[in-house]
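# Structure at a glance
Each chain, written out:
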Amino acid sequence: MGFRPRRRRRRLRRALLSALVVASVAVPVAGAARPSQVPAPEPAALGPLVASPEALAARYAANRAGIRAAGRAAGRHGDAGRAAALRAMAEPDRRFLLFDGRDGGRSAEVFGDLSRAGRIAVLVPGSDTGLDRYERLRTGARTLLRELDGRSAVVAWLGYETPGTVSPAVLTTGRAEEAAPGLRRFTGELAHARPGARISLLCHSYGAVVCGLAASGLEADALVLYGGPGAGADSAAGLRTRAVVWAGRGGGDWIARVPNVRLELPGATLGLGADPVSREFGARVFDAGGGGHSDYLVPGSRSLANIARIVAGRPPAGEARHA
């Protein structure tokens, strides 16, 4: 019996190393397909976030001007796809708390009325999300807002360079470590601007790793990890957060087949921590239905309904099982 755990660990190590080899072979092809980084002007200094209607309107206008300037720079650079994406983002009805078109782009878009929101959900996306592949994040935010009441706001936070789904970077916590301070700072600004509001971080896929590494000292009431390959820790207690930690995984999500191990290799640590929905991790597990990896915010889904209930401070419905 004593040999079984060792055999299991060896199998998991082999699986993770195989994934690294596949990613390393595929990365030149994937890198060629990813949008090139294009020049953009330095964003205007906006100062502290103030959530009054007048201050927010001024902030949205300043960021809209910055998006238009970045779009013009992308056009001059010859990146028609980026220029078109930025023109759409600069439409008069779009509202951005932050925008920086440099280094691949960073943004935070608001859905709903932040000036009167008693509940704020911050969406933290996973791999392959960027200014050129932004629509899925935006669609999820809009769908979630429709599931909530009128005193809620949703923020789509694209505050870091996400890894490619097929890349060595997605097997390590490196990008998440770079992103975590910015997410912690942004959430603190929201809490200061809307004191008393209930703040939930909704962390999809690799975004769960970002949230896990940002969790200590985070100004949030709920941390919702869904479709996550790990959270950068061995347990929910290890996140050292005052937020209630929830986790869910759809029955058809391929992420369940990703090995949850950590390997120390020369110059890198592979692996993203324990399985967030496992009993050993210790999160509160919610029923995420039978959907796949990209289906958590699909209209009418059980996962969307339960995530919305958590955002509202209500218990999720249905029976949940640990992995």
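Below you will find a few notes about this structure. (Residues numbered from 1 in each chain as written. Predicted model: local features only at pLDDT ≥ 70, side-chain atom pairs only at ≥ 80, totals over all residues. Heavy atoms only, no water.)

### Regarding empty space enclosed by the protein
In this approach the atoms are scanned with a rolling probe the size of a water molecule, which exposes any empty space left behind. To be explicit about the condition: Here a cavity means grid points, on a 1 Å grid over the protein atoms only, where a 1.4 Å probe fits yet cannot get out; a pocket means an open set of points with protein on both sides within 12 Å along at least five of seven lines; lining residues are those with an atom within 4 Å of a point. Grid points are joined across faces, edges and corners, and a volume is the space filled by probe spheres set on the points. Under the convention adopted here, Pro, Cys and the residues Ala, Val, Leu, Ile, Met, Phe, Trp and Tyr are nonpolar, Asp, Glu, Lys and Arg are charged, and Gly plus all remaining residues are polar.
Scanning the model with the defined rule gives one cavity of 30 Å³ or more in all. Considered as a void within the structure, the largest cavity measures approximately 30 Å³ in volume. For the largest cavity, the full set of lining residues is Leu-225, Tyr-226, Gly-227, Gly-228, Gly-248, Arg-249, Ile-255, Asp-275, Pro-276 and Val-277. Of the residues assigned to the lining of the largest cavity, the class counts are five nonpolar, three polar and two charged.

### Considerations on the sheet that holds strand β7 (residues 244-248)
Under the convention used in this document: Here, a strand pair is defined by DSSP locating no fewer than two bridges between the strands. By definition, any uninterrupted DSSP run of H or I lasting at least four residues is a helix, any uninterrupted run of E lasting at least two residues is a strand, and each is numbered from the N terminus. Contacts are assigned to residue pairs with any non-hydrogen atoms lying within 4.5 Å of each other. Only the stretch in contact is used when a helix axis is fitted, and all axes are lines through C-alpha atoms; the angle between N-to-C directions ranges over 0 to 180 degrees.
Here eight strands make up an open sheet; going across it, the order is β1-β2-β4-β3-β5-β6-β7-β10 and the pairing mixed. Single-partner strands in this sheet number two, and they are β1 (96-100) and β10 (284-285). Against the sheet, helix α7 (residues 302-311) makes contact with β3 (119-124), β5 (198-204), β6 (222-226) and β7, and its axis sits at roughly 150° relative to β5, the strand it touches most.

### Focus on the state of the cysteines
Put plainly, two cysteines are in a disulfide when a covalent bond ties their sulfur atoms together. Let me state the cut-off plainly: By convention in this document, the label disulfide applies to cysteine sulfur atom pairs within 2.5 Å. Whether a residue is buried, partly exposed or exposed follows from its accessible area with a 1.4 Å probe, protein chains only, as a fraction of its type maximum: under 20%, in between, or over 50%, in that order.
Under the definition given, this model contains one disulfide. Each sulfur of the disulfide joining Cys-203 and Cys-211 lies 2.1 Å from the other. Taking the sign of the S-S torsion, about -90° here, the bridge from Cys-203 to Cys-211 comes out left-handed. Each member of the pair, Cys-203 as well as Cys-211, carries the same accessibility label: buried.

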